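Chain residues, written in single-letter form:
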Amino acid sequence: MDVKRVKDYIYWLYYQYLLVTCSYVLEPWEQSMFHTITVTVVAMVVYTAYVFVPIHVRLALEFFSQIFGAQPESSV
């Protein structure tokens with residue numbers, strides 16, 4: 001791919017982000033605070049999903065396997 005096209009596409013995505021969040025009307029210091037809070041919240045959501053979703057999926061699979069009559073694993 002052309003580097004200029006990739007760069008333009010990233011600028012376009014950033015502009016779309018500014019438009020959707022209406023943060024283009026904020027002052028620079030307000031924008032930096034808004035971006036910091038947004039990145040922090042997104043990072044916490046991703047971390048929480050990474051840690052807790054596999055646990056809940058495993059528990060749900062165990063629950064439904066017991067309901068539908070699968071043989072329990074031997075503990076011997």
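Residues numbered from 1 in each chain as written. Predicted model: local features only at pLDDT ≥ 70, side-chain atom pairs only at ≥ 80, totals over all residues. Heavy atoms only, no water.

What counts here: UniProt positions are given in the numbering used here, feature names are shortened, and annotations may be inferred rather than shown by experiment.
As annotated in an unreviewed UniProt entry, the protein chain is Serine palmitoyltransferase small subunit B from Pardalotus punctatus. Annotation of the protein chain in UniProt includes, under Subcellular location (unreviewed entry), the sentence "Endoplasmic reticulum membrane". Reading the Sequence similarities (unreviewed entry) entry of the UniProt record for the protein chain gives the comment "Belongs to the SPTSS family. SPTSSB subfamily."

Considerations on the UniProt feature "transmembrane region" (unreviewed entry) in the protein chain
Note the cut-off: The secondary structure listing takes helices from DSSP runs of H or I that are at least 4 residues long and strands from runs of E that are at least 2 residues long, numbered from the N terminus.
With numbering aligned to this structure, UniProt lists the feature "transmembrane region" (unreviewed entry) at residues 9-26 and 32-53. Measuring from the first to the last C-alpha atom of residues 9-26 gives 23 Å, for a span that is 72% helix and 0% strand. Structurally, residues 32-53 comprises 100% helix and 0% strand, and the distance from its first C-alpha atom to its last is 31 Å.

Some thoughts on the pattern of salt bridges
Defined as follows: Within this document, salt bridges are pairs made up of a side-chain nitrogen of Lys or Arg and a carboxyl oxygen of Asp or Glu, the two lying within 4 Å of each other. Burial classification: accessible surface area is computed with a 1.4 Å probe over protein chains only, and a residue below 20% of its type maximum counts as buried, one above 50% as exposed, and the rest as partly exposed.
The final tally for this structure, using the stated rule, is two salt bridges. Between arginine 58 and glutamate 62 there is a salt bridge, with its nearest N and O atoms 3.0 Å apart. Within this pair, arginine 58 and its partner glutamate 62 are both found in helix H2 (residues 28-67), separated by four residues, close to a single helical turn. Using a relative accessible area of 44% as the deciding quantity, one classes arginine 58 as partly exposed. We classify glutamate 62 as partly exposed; its relative accessible area is 38%.

Looking at the packing of aromatic side chains
Put simply, the rule is: For Phe, Tyr and Trp, rings pair up if their centres lie within 6.5 Å, where Trp contributes its six-membered ring, and each pair is then called stacked (planes under 30 degrees apart), edge-to-face (over 60) or tilted (otherwise).
Applying the stated criterion to the full structure yields four aromatic pairs. Between tyrosine 14 and tyrosine 17, the aromatic rings sit 6.2 Å apart at their centres with planes inclined by 35°, giving tilted as the arrangement. Of the two residues, tyrosine 14 and tyrosine 17 both sit in helix H1 (residues 3-21), three residues apart, roughly one turn of that helix. Under the relative-accessibility criterion, tyrosine 17 is labelled partly exposed at 26%. Between phenylalanine 64 and phenylalanine 68 the ring centres are 6.4 Å apart and the planes differ by 20°, which places this aromatic pair in the stacked class. Here phenylalanine 64 falls in the partly exposed class, since its relative accessible area comes to 43%. Taken together through their ring pairs, the aromatic side chains of Phe63, Phe64 and Phe68 make up a single cluster.

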